[in-house]
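# Summary of the model geometry
Single-letter residue listing:
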Amino acid sequence: IALYAYEKQLNKLLQYNIPYYSITGNHTLIRKQHFMSPDELFTHLLDIQSLDDKNIIINNIFIAGVKYRSESKKEELVDEINKQAEAAQQHNGLKILLLHQAVDVDLLYGAELSEQDLPTHIFDYIFIGHLHSRIERKHGNCSIIYPGSIERSNTTEARDENNRGKGFIILDTDNNSYEVINIPCSRRFIFMNVNKETNMETVREKIRNYSHKPIVELNFKAIDVHKAHEIGHIIADDCLRLSINVANEQ
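Residues numbered from 1 in each chain as written. Predicted model: local features only at pLDDT ≥ 70, side-chain atom pairs only at ≥ 80, totals over all residues. Heavy atoms only, no water.

## Some words on the sheet that holds strand S6 (residues 125-128)
- On the basis of which strands lie adjacent, the open sheet formed by six strands has the order S3-S4-S5-S6-S8-S7 and mixed pairing. At either margin of the open sheet sits one strand with a lone partner, and together these are strand S3 (54-58) and strand S7 (135-139). Shown here is a sheet whose adjacent strand axes are inclined to one another by a mean of 15°, direction ignored.
- Bridge count for strand S4 (residues 61-65) against strand S5 (residues 95-99) is four bridges, and the pairing is parallel. What sits directly across from Phe62, in S5, is Lys95.
- With respect to the sheet, helix H3 (residues 74-88) is in contact with S3, S4 and S5, its orientation differing from that of S4 by roughly 170°. (Pairing = 2+ DSSP bridges. Helix = DSSP H or I, 4+ residues; strand = E, 2+ residues; numbered from the N terminus. Axes fitted to C-alpha atoms, helices over the stretch in contact; angles between N-to-C directions. Contact = heavy atoms within 4.5 Å.)

Right, here's the structure in full:
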């Protein structure tokens, strides 16, 4: 299903003759022999160009890409970033770096890079994949941006959308500015607090009112875990996915 959706969007780019450039992330690594990455799979549709450890100049804009590397390959990763930074220094126009990693100031554990590893003194923009939350900050004159995921894969991401939004970034290279575009969610995430006074039939009716089954998180307070799961079992069929949290068990 995911590959079908990907192919459908690539066809839209083809219709408008829009070129497509990509770098390999952790989910598109080739992990087995004789397998193909999603980008390689659809090269018959578009002239998809990989910027894995490469750079290109388009309309006087320097764009460098560095493919994903695990934490154990940090030295190799930093060397490649520095290599692309050296190439960028020779260019007088706008300079963009594409990464698919996590930086320590954005991820508490498991980050492959530290903030000091980013050549912010050279690039105007550093766009980073990997983390699903949208993050925007300035380091000197450089904008560091994680556009974030366009889908909500769990309730944590749905909560995050309320603060930061979900969607993509459009960079206006003529005016050296960018615009945030939010994509509304087609399926609902519902968060509910439940106690002994909660009318569960009313809750069930609310859930059933949606045209598509929602993803539901029930937070039980002062209800024992067995009763909570009994209630959850009753409404489970009305949910696409149901998660249950029980606090203050009695």
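Moving on from the coordinates now.
## A few points about the sheet that holds strand S11 (residues 189-194)
- With parallel pairing, the three strands of this open sheet are ordered in space as S11-S12-S13. Either end of the sheet is taken by a strand with one partner, and the two such strands are S11 and strand S13 (241-247). Neighbour-to-neighbour, the strand axes of this sheet turn through a mean angle of 15°, independent of strand direction.
- Strand direction decides the pairing type here: strand S12 (residues 215-221) and S13, joined by seven bridges, are parallel. Pairing of Ile215 across the sheet is with Arg241, part of S13.
- The strands touched by helix H4 (residues 155-164) are S11 and S12; relative to S11, the strand with the most contacts, the crossing angle is about 100°.

## Considering the nonpolar core
- Leu97, Leu99, Leu113, Phe123 and Ile126 are the most contacted members of the largest nonpolar core, which has 24 residues in total.
- Among the secondary structure elements, those contributing two or more residues to this core are S4, H3, S5, S6 and strand S8 (142-146).
- Beyond its immediate stretch of four places on either side in the chain, Ile126 contacts Leu97, Leu99, Leu118, Pro119, Thr120, Cys142, Ser143, Ile144 and Ile145.
- Membership of the second largest hydrophobic core comes to 14 residues, among which are Val194, Met200, Phe220 and Cys239. (Core = buried A, V, L, I, M, F, W, Y, C linked by side-chain atoms within 4.5 Å. Buried < 20%, exposed > 50% of the residue type's maximum accessible area, 1.4 Å probe, protein only.)

## Thoughts on the side chain of Glu217
- Mapped onto the secondary structure, Glu217 falls in strand S12.
- Of note is the side chain of Glu217, whose polar atom sits 3.3 Å from the side chain of Asn219.
- Ignoring anything within four residues of it in the chain, the contact list for Glu217 reads Thr155, Arg159, Ile190, Phe191, Met192, Ser243 and Asn245. (Polar contact = N/O pair within 3.5 Å; in protein donor to acceptor, adjacent residues only side chain to side chain.)

## Some words on helix H1 (residues 2-15)
- The end-to-end C-alpha distance of H1, which contains 14 residues, comes to 20 Å, matching closely the 20 Å that a straight helix rising 1.5 Å per residue would cover.
- Directly beyond the C-terminal end of H1, a positive phi value near 55° is found at Asn17. (Expected span 1.5 Å × (residues − 1).)

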